[in-house]
Amino acid sequence: MIPLIRNEVVNKKGWLGDEEFMDMLAIAQSMPGPIALNTALFVGNKRLGFKGSLFSGAGVILPSFIVILLIAMVFTQFKDNPVVERIFKGIRPAVVALIVAPLLSLGKSAGVKWKNLWIPVVVALAVWQLHISPVYIVLAAILLGIFYLIYLKKRVNK
Amino acid sequence: MELWDLYLALFVSFFKIGLFGFGGGYAMLPLIQHEIVDHHQWISVSDFTDIVAISQTTPGPIAFNSATYIGYSAVTEMGFASVYGVIGSAICTFAVSIPSLILMTIVTAFFFRLKDNLWIQSALSVLKPAIIGLIASAALMLITPYNFIDYKSWIIFGAVLVASLRKADPILLIFLSGVIGLLLY
């Protein structure tokens, strides 16, 4: 989706410069919420202020809203149909495989190395086996990062 | 449950998903699953997997897709008419977007000061690897007896995994798996 956004925002409309786009992307990816929405909100806000972000936000939400609403209305009717059920029996394992496949390359770009491999492993086990809400995981990760910086700063000052 | 209570519960859940859903896409799945499958039990694991499948084959972000779909299905499955489902759908989609709207409005104002902020960089240094763990847990949580019914499920899983690592088109892979499901079961 990102090359698509870049082409529209940078090349076609010239709303953002290339470097500005890369900086914006870094911010949009480090904020919670869908990256496409965050990107849209940033561009809208940059061009027209808060009002602009309302319009760009609506623009990015509406297409998927309409499509998925139609699918939901149809699919909830046919969900228990035996043919549909057979199709989805084949699809469900594929869904999981498509989540697993990008893990390695995502891990690399997130800076996972042998040294900090324990972080994703502990997180995955805590959520999967102990049913800990990802809300607490996110809060703990943010706090841990901040405490680590405080620790480093103290060590430098000594 | 009263309709308004349901609307309120949906709103709170999806607001939470929007606020704590770091990493976008699959990283938001365990949070969504935790809220709507485990906690509120608005839908089953297999129905949730089907929504993920629909998301993998349609362009929009997974968080919007789940919000729109669950807003509709949770309300109609409680026996309310379809029009209330559409309203539920709009409420959830709105709720999941508000945290982004608030945070991005603040962030845009302080953009260049935030970019190189040491505290944010430091928080992200742990959050980023943690997000990889969240994505892994999303996959692990979906490996249930409902989704993996027999050895054939695992063959499909293995085949799709290998094909996807070799950059096969995910939409094509979902389509083919559906055809295989129709033939095998």
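Residues numbered from 1 in each chain as written. Chains lettered and ligands numbered in written order. Predicted model: local features only at pLDDT ≥ 70, side-chain atom pairs only at ≥ 80, totals over all residues.

Chemist: Describe in detail the overall build of chain B, supporting the description with residues and values.
Modeler: Helix and strand counts for chain B stand at 9 helices and 0 strands. Order of helices (α) and strands (β) in chain B, N terminus to C terminus: α-α-α-α-α-α-α-α-α. By its C-alpha atoms, chain B is 55 × 45 × 25 Å across when sized along the principal axes. For chain B, long-range pairs separated by at least 24 residues make up 62% of all intrachain contacts whose partners lie at least 6 apart in sequence. (Helix = DSSP H or I, 4+ residues; strand = E, 2+ residues; numbered from the N terminus. Contact = placed C-beta atoms within 7 Å.)

Chemist: Could you give an account of the overall build of chain A, with specific residues and numbers?
Modeler: The secondary structure content of chain A amounts to 7 helices and 0 strands. In chain A, the succession of α and β elements from N to C terminus is α-α-α-α-α-α-α. Scored against the burial criterion, the 158 residues of chain A give a buried share of 38%. Within chain A, counting contacts between residues at least 6 apart in sequence, those at least 24 apart form 19% of the total. (Buried ≥ 20, exposed ≤ 12 C-beta atoms within 10 Å, placed from the backbone.)

Chemist: How would you summarise the packing of helix α3 (residues 35-78) of chain A against helix α4 (residues 62-77) of chain B if you had to cite specific residues and measurements?
Modeler: Closest axis-to-axis distance for the α3(A)/α4(B) pair is 8 Å, and the angle between their directions is 35 degrees. Every pair of crossing elements has a handedness; the one defined by α3(A) and α4(B) is right-handed. For the pair formed by α3(A) and α4(B), the contact residues are Ile61(A), Ser64(A), Phe65(A), Ile68(A), Leu69(A), Ala72(A), Met73(A) and Thr76(A) on the first element and Phe64(B), Asn65(B), Thr68(B), Tyr69(B), Tyr72(B), Ser73(B) and Thr76(B) on the second. A breakdown of the residues in the contact of α3(A) with α4(B) according to their chemical character gives 9 nonpolar, 6 polar and no charged. (Axes fitted to C-alpha atoms, helices over the stretch in contact; angles between N-to-C directions. Left-handed = near helix turned anticlockwise from the far one by under 90°. Nonpolar A, V, L, I, M, F, W, Y, C, P; charged D, E, K, R; others polar.)

Chemist: Kindly report on the interface of chain A and chain B, identifying the contributing residues and their values.
Modeler: Each partner contributes residues to the interface: chain A has 75 residues there, and chain B has 92 residues. Looking at the side of chain A that touches chain B, the elements that each hand over two or more residues are α2 (18-30), α3, α4 (82-100), α5 (103-109), α6 (118-128) and α7 (134-157) of chain A. When residues in the side of chain A that touches chain B are grouped by element, the largest group, 22 residues, is from α3(A). Each residue belonging to the side of chain A that touches chain B can be placed in one class, and the counts come to 54 nonpolar, 16 polar and 5 charged.

Chemist: Account for unusual backbone geometry, with residues named and values stated.
Modeler: Here the phi dihedral of His131(A) falls at roughly 55 degrees; this positive angle occurs in a residue that is not glycine. Relative to the assigned elements, His131(A) resides in the loop between α6 and α7. The exposed category is assigned to His131(A), around which 11 C-beta atoms lie within 10 Å. Residue Gln41(B) is not a glycine yet carries a positive backbone phi of 50 degrees.

Chemist: Got a sec to walk through the environment of Ile135(B)? Specific residues and values, please.
Modeler: Summarising the element assignment, Ile135(B) is placed in helix α7 (residues 118-142). Each C-alpha atom, one on Ile135(B) and one on Phe22(B), is 11 Å from the other, the two residues being 113 residues apart in sequence.

Chemist: A description of helix α9 (residues 170-184) of chain B should follow, citing residues and the corresponding values.
Modeler: Counted at 1.5 Å a residue, the expected span for α9(B) with its 15 residues is 21 Å, and the 21 Å between its end C-alpha atoms agrees. All of the buried residues along α9(B) are Leu173(B), Ser177(B), Gly178(B), Ile180(B) and Gly181(B). Along the axis of α9(B), the buried positions cluster into a sector of 165 degrees, meaning they face one direction only. Turned more than 90 degrees from where α9(B) packs its buried face, Ile171(B), Leu172(B), Val179(B) and Leu183(B) sit exposed. At its buried positions, α9(B) is contacted by α4 of chain A together with α8 (151-165) of chain B. (Expected span 1.5 Å × (residues − 1). Arc of directions from axis to C-beta.)

Chemist: Could you give me a rundown of the domain arrangement of chain A, with the residues and numbers involved?
Modeler: Its domain assignment divides chain A into domain 1 (1-78) and domain 2 (111-158). Centre-to-centre separation of domain 1 of chain A and domain 2 of chain A, based on C-alpha positions: 29 Å. (Domains from an automatic or database assignment.)

Chemist: Give a description of α8(B) that names residues and reports values.
Modeler: If you check α8(B), its first and last C-alpha atoms are 21 Å apart, about what 15 residues at 1.5 Å a residue would give, namely 21 Å. Along α8(B), the residues that are buried comprise Ser153(B), Ile156(B), Phe157(B) and Val160(B). The buried residues of α8(B) occupy an angular sector of 100 degrees when the element is viewed end-on, so they sit on one face. Residues Tyr151(B), Gly158(B) and Val162(B) are exposed on α8(B) and point more than 90 degrees away from its buried face. Along its buried surface, α8(B) packs onto α4 of chain A together with α9 of chain B.

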